[in-house]
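In case you want the letters, here they are:
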Amino acid sequence: MFIAANWKMNLNKKSIKSFVEHLKIYKFSKNVQLCIFPPTIYIDFLSKLIKNIPISIGGQNCHHQSFGAFTGEISAISLKEFGCDYVILGHSERRIYNKETNEYIKKCAQFGIKSSLRPIICVGENLDQRENGKAIDFIEKQITDCLPEDFNELTIAYEPIWSIGTGKIPLQSEIREMHKNIKDIVFSKSKKNVKVLYGGSVNEQNIQEILSINNVDGVLVGGASLKIKDFLAIYGSAVKHLKNYNI
Ligand code: PGA
């Protein structure tokens, strides 16, 4: 079970420090892995603060070249050097605001893997595609075009755009169908298994329901990961869920 906390462009030194103070006294279970994705500038700061806490760190994006004239970009090699294990790629906000394409995301994933990072590739349909029955085909194309040529370990985050930050989540049957489909598509193309996380308005109230859906291997949490109380409530629910199912 994996919980990814995507802080996006939020928090600062003071709030991060206070967040970590609460983590220091928390008893973590080894069955639920946690990874925080802070704004790039705070990666080193956070990494030092949590060095004795079993939480990984990741970048919110990376470039597909090791170094060079790419103003404002972040290299996978630098993420690795500063203690990152994971990198989120192709988040819908980057696809929309930074015009990242599937082809670009694939190149970044390949370079991330080469730099020993574990990519979490985000996919997700918009409301129009969902309402017109095009979600499955759209996601299939995103996966096909973003899938790295070679990988050992890969995670896909299914994040319907219409669910991000809106408080709306798909029906259980829709999440089940999409996650199964994603696993089948990746397997048919690579003969490898992937983990699939659900992302979009995950909170303390719906986490149990989401985790009980087949083929949900964890969650990618945005807004609810910014407040320590909500974050720990989500984590605690995931631990409880595993205990209930004796996993
Ligand atoms: P949200 O964001 O949990 O605030 O909906 C999720 C995401 O964008 O990764």
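Basis of the calculations
The residue count restarts for each chain, going from 1 along the sequence in the order it is written. In keeping with the model being predicted, local features are shown solely for residues with a pLDDT of at least 70 and side-chain atom pairs are shown and tallied solely at 80 or more, while totals for entire chains, interfaces and linings include all residues. Hydrogens and waters are ignored; side-chain quantities use all the structure's heavy atoms. If a single non-hydrogen atom of a residue is within 4 Å of a molecule or strand, that residue counts as near it. Polar contacts here mean pairs of N or O atoms no more than 3.5 Å apart (in protein, one a potential hydrogen donor and the other a potential acceptor; neighbouring residues in sequence count only if both atoms are side-chain atoms). For every accessible area listed, the method is Shrake-Rupley and the probe measures 1.4 Å; residues are considered covered only by the protein chains on display. Any residue that is not Ala, Val, Leu, Ile, Met, Phe, Trp, Tyr, Cys, Pro, Asp, Glu, Lys or Arg is counted as polar, Gly included; the first ten are nonpolar and the last four charged. Definition of nonpolar core: a set of buried residues of the types Ala, Val, Leu, Ile, Met, Phe, Trp, Tyr and Cys, connected through side-chain atoms within 4.5 Å. Any residue under 20% of the maximum accessible area for its type is buried, any over 50% is exposed, and the rest in between are partly exposed; the area is computed with a 1.4 Å probe on protein chains only. Think of it this way: any DSSP run of H or I at least four residues long counts as a helix, any run of E at least two long counts as a strand, and we number them from the N terminus. Residue contacts are defined here by distance: any two heavy atoms, one from each residue, within 4.5 Å place the two residues in contact. Criterion used throughout: strands pair if DSSP finds at least two bridges between them. In this analysis an axis means a line fitted to C-alpha atoms, helices contributing only their contacting stretch, and an angle means the value between N-to-C directions, from 0 to 180 degrees.

Caption draft 1: Representation of the site of the ligand in the model. Inspection of the region around the ligand gives 13 residues, with Lys8, His91, Glu159, Gly165 and Ser201 positioned closest. Here Glu159 contributes a side-chain N or O atom positioned 2.7 Å from an oxygen atom of the ligand. Measuring from an oxygen atom of the ligand, one finds a backbone N or O atom of Gly222 at 2.8 Å. Protein contacts shield 94% of the accessible area of the ligand, which totals 280 Å² for the unbound molecule. Looking at the shell around the ligand residue by residue, the classes come out as three nonpolar, eight polar and two charged.

Caption draft 2: Structural context of the nonpolar core. Counting 67 residues, the largest nonpolar core has Ile3, Leu23, Ile143, Ile182 and Phe231 as its most contacted members. Per element, the largest residue contribution to this core is eight residues, and it comes from helix α10 (residues 228–244). Residues contacting Phe231, with those up to four places away along its chain left out, are Ala5, Phe19, Leu23, Leu34, Ile36, Ala224 and Ser225. Among the nonpolar cores identified, the runner-up in size contains eleven residues, and Ile88, Ile120, Leu197 and Leu220 belong to it.

Caption draft 3: Here's a closer look at the sheet that holds strand β2 (residues 33–37). The sheet built from eight strands closes into a barrel, its strands ordered β1-β2-β3-β4-β5-β6-β7-β8 with parallel pairing. The average angle at which neighbouring strand axes cross in this sheet is 25 degrees, direction not considered. Where strand β5 (residues 118–123) lies against strand β6 (residues 155–158), four bridges are found, and the strand directions are parallel. By the bridge assignment, Ile121 is partnered in β6 with Ile156. Of the strands in this sheet, β5 and β6 are in contact with helix α7 (residues 135–146), which crosses β5 at around 150 degrees.

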